[in-house]
Amino acid sequence: MEAFSELKTSSYSLDPLLIRENIWHICRQDKDSTLADYRTRSYYLNHGTFLWIDRIGIDSRADSLLSVLGAVDEMGFTQRSFDVPLIKADLQRIRQLEFNDSANTINDVMARLEYRLTKAFLRYTTGQRFGFVNPYRVFNRMDPIDTDSTGKPYGYRKLFDLDVQRPGKSYFAAALRKIYNDSVSEYLKEVQPRDPLYHRLQRELQHTRSQPSRMRILCNMERRRWREPVPEGGGQKHVVVNIPAFHLYAYAADTVVDMRVGCGTLKTKTPMLASVIERMDVNPQWNIPMSIITKEIVNHAGDISYFERNRYYIAERKTGHRLDLSAVTADMLRSGAYRVTQEGGAGNALGRIVFRFKNNFSVFLHDTSSKDFFERGNRGVSHGCVRVERPFDLARFLLDSPDDWMLDKLRISMDIPPETSRGIRYVSAEEANRHLVSSLNVSPRVPLYIVYYTLYPEPGGSLKSYPDVYGYDKAIGQNIKPFMQ
């Protein structure tokens, strides 16, 4: 043992109390503000057990973490955002016993390693498992509903309603147990996104040099980390609306129906959501939202020709009783006690068919009586609903094995020429009822996803780029920029 006598020095003596005191000092100095950063500080300020260090020193778990963090540039991030250079330098000091100045005593170095390894581990695993950006916080605090005299928002429009998981206390407790139980390497593999589109985007990143193009890729990679519940391509029948593309894709195992759509304007954005299409209403009436009544209709109160020209009627909300148009005042319309409804049929703003699904925004997919806008590039035209270019084709896709007569009844109800001899004979009859169908259930119900991707695969498989029409990429980019600096 005489050969090791030189190691019997205070310079190599670990003091748990001093290490903990040093960690507390680091916590008080650390101003980083991700959720993982807060959880790291909370753990140590509440006397959490040491996870990486013990009386022997530090083991290979640190190397496992550094091995993964050494590849973060492949996902567009910098190693500095995970303190990799600082961790490596301190590991070198520990392994070479280089404690030769007052700022780098063994207890200083051990404290820094303990804290920084935990912070880096939680930052990385939380980001890869749930995303480095919280979409609920970013998008649901973007558009103020209104502001007071000081400019303070009364509230915000909800824009993101996709069901994605977020990390809570139980997640962080479980993640810290992975370190303590020596499961670091396995857990680093477990949290990786397995989504094919994520890995395709990551490959695109490797040979993209343009900074704007790289940022677009990074923003769409981040969306895939949220594990948005959107299936890729075929399989179970489902419908995807991609807002920046102003396009709808209806997928089934052996077919894809795609068409142009119109979405909300910049001021009245179409929300991101997931639901199921339950039914289709043919020749629907349109109950006009209060926001449109107060902005566009109130000024026409008393103008009978305006209401008749647009086929509007006014009724009490409680009783449904229709009012004399000449007796309705602007104050009555503002009160909310009366609804303004447009009759169904030709010229209705919803067109000849509407596709219903439950959601928290009172939006739906529908036909439109104004189809000229489909030729535009930017088709942000609505108050939030999605207007579809070929509603009959979408209806046929949603129906489960409809027969020819069922399809012709739908065509006739929508004033589309029938294709069967039975349908042709029917419309030729003098007393033919052109509204053969008023409502159709979609059974089984078809999942619907309204999403926002500025890079998205076309049905043929190629990735296509779209403009950031709502500025969502910009918002994501601002939040992930600290990981890129």
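Here, every reference points to the structure presented above.
Description of the structure in this document. (Residues numbered from 1 in each chain as written. Predicted model: local features only at pLDDT ≥ 70, side-chain atom pairs only at ≥ 80, totals over all residues. Heavy atoms only, no water.)

1. A closer look at the overall build of the protein
Check the secondary structure of the protein and you find 17 helices and 19 strands. Along the first, second and third principal axes, the C-alpha atoms of the protein reach 115 × 55 × 40 Å. The buried share of the protein, reckoned over its 485 residues, is 47%. Taking the intrachain contacts of the protein between residues at least 6 apart in sequence as the baseline, contacts between residues at least 24 apart amount to 67%. Surface summary for the protein: the accessible area is close to 24,100 Å², and the carbon and sulfur share equals 48%. (Helix = DSSP H or I, 4+ residues; strand = E, 2+ residues; numbered from the N terminus. Buried < 20%, exposed > 50% of the residue type's maximum accessible area, 1.4 Å probe, protein only. Contact = heavy atoms within 4.5 Å. Areas by Shrake-Rupley, 256 points an atom, 1.4 Å probe, with all protein chains shown as cover.)

2. Concerning unusual backbone geometry
As a rule of thumb, non-glycine residues mostly have phi less than zero, and peptide bonds are mostly trans rather than cis. With omega at 0°, the peptide bond leading from S443 into P444 counts as cis. Take P444: it is sitting in strand 17 (residues 439–451). One non-glycine residue, N283, adopts positive backbone phi at about 50°. With a relative accessible area of 11%, N283 lands in the buried category.

3. Description of the pattern of salt bridges
Under the counting rule described, the total for this entry stands at 30 salt bridges. Linking D161 and K158 is a salt bridge whose minimum nitrogen-to-oxygen distance equals 3.1 Å. (Salt bridge = Lys/Arg side-chain N within 4 Å of Asp/Glu carboxyl O.)

4. A short note on the pairing of strand 11 (residues 312–316)
Burial within strand 11 is extensive, with four of its five residues counted as buried. Pairing geometry for strand 11 and strand 12 (residues 338–342), over five bridges, is antiparallel. Looking across to strand 12, one finds that Y313 is bridged to T341. (Pairing = 2+ DSSP bridges.)

5. Structural notes on helix 15 (residues 404–413)
Of all 10 residues making up helix 15, eight are buried, and the element is well covered by its neighbours. If you check which residues of helix 15 are buried, you get W405, M406, L407, D408, L410, R411, I412 and S413. In the core, the buried residues of helix 15 are packed alongside strand 9 (272–282), strand 13 (353–357), helix 14 (391–398), helix 16 (421–428) and strand 17. The opening residue of helix 15, the one whose side-chain oxygen lies 3.2 Å from the backbone nitrogen of W405, is D403. (Polar contact = N/O pair within 3.5 Å; in protein donor to acceptor, adjacent residues only side chain to side chain.)

6. A word on the sheet that holds strand 11
Taking strand neighbours across the sheet as the criterion, the three strands line up as 10-12-11 in an open arrangement whose pairing is antiparallel. Pairing within the sheet leaves two strands with one partner each, and these edge strands are strand 10 (286–287) and strand 11.

7. Digging into the side chain of Q128
Within the element layout of this structure, Q128 appears in helix 5 (residues 106–130). Classification of Q128 as buried rests on a relative accessible area of 1%. In terms of polar contacts, Q128 uses its side chain to reach the side chain of Q192, at 3.0 Å.

8. Structural notes on the environment of H383
Within the element layout of this structure, H383 appears in the loop between strand 15 (380–382) and strand 16 (386–388). You can call H383 partly exposed: its relative accessible area is 46%. Between the C-alpha atoms of H383 and D393, which are 10 residues apart in sequence, the distance is 24 Å.

9. A closer look at the pairing of strand 8 (residues 255–264)
In terms of strand pairing, strand 7 (residues 247–252) meets strand 8 through six bridges, oriented antiparallel. Counterpart to A250 in the pairing with strand 8 is V257. What sits between the antiparallel neighbours strand 7 and strand 8 is a turn of two residues. Pairing geometry for strand 8 and strand 16, over two bridges, is antiparallel. Following the sheet pairing, G262 is matched in strand 16 by R387. In this sheet, strand 15 lies alongside strand 8 in parallel orientation, the contact comprising two bridges. If you follow C263 over to strand 15, its bridge partner there is G380.

10. Regarding the packing of helix 14 against helix 15
Two quantities define a packed helix pair, namely the angle between the axes and the distance from one axis to the other. Helix 15 packs onto helix 14 with a crossing angle of 150° between their chain directions and a minimal axis gap of 11 Å. Judged on the interaxial angle alone, helix 15 and helix 14 are roughly antiparallel. The interaxial crossing formed by helix 14 with helix 15 has right-handed handedness. Touching F392, A395 and R396 of helix 14 are L407, L410 and R411, all from helix 15. Class assignment of the residues belonging to the contact of helix 14 with helix 15 gives a composition of four nonpolar, no polar and two charged. (Axes fitted to C-alpha atoms, helices over the stretch in contact; angles between N-to-C directions. Parallel < 35°, antiparallel > 145°, perpendicular 65-115°, else oblique. Left-handed = near helix turned anticlockwise from the far one by under 90°. Nonpolar A, V, L, I, M, F, W, Y, C, P; charged D, E, K, R; others polar.)

11. Overview of the state of the cysteines
Per the counting criterion, the structure on display carries zero disulfides. With no disulfide partner, C219 has as its closest neighbouring cysteine sulfur the one in C263, 19 Å distant. The thiol sulfur of C385 is not disulfide-bonded, and the nearest other cysteine sulfur, from C263, lies at 10 Å. Using a relative accessible area of 12% as the deciding quantity, one classes C385 as buried. (Disulfide = S-S within 2.5 Å.)

12. Observations regarding the packing of aromatic side chains
One pass over the structure, following the stated rule, counts 28 aromatic pairs. Considering the side-chain rings of Y249 and Y251, the 6.2 Å spacing of their centres and the 20° angle between planes classify their relative orientation as stacked. The residues Y249 and Y251 share a single accessibility class, namely buried. Linked through ring pairs, Y136, F139, F160, W226, Y452, Y470 and Y472 together constitute an aromatic cluster. The ring centre of Y470 lies 5.8 Å from the NZ or CZ of K269, which sits over that ring. (Phe/Tyr/Trp six-rings, centres within 6.5 Å; stacked < 30°, edge-to-face > 60°. Lys NZ or Arg CZ within 6 Å of the ring centre and 35° of its normal.)

13. Quick word on the side chain of S413
As for its position among the elements, S413 is in helix 15. Only 3.0 Å separates the side chain of S413 from the backbone nitrogen of L436, close enough to count as a polar contact. Among the polar contacts listed, one links the side chain of S413 to the backbone nitrogen of V437, at a separation of 2.9 Å. Leave out the neighbours within four places in its chain, and S413 touches V282, N283, R352, R434, H435, L436 and V437.

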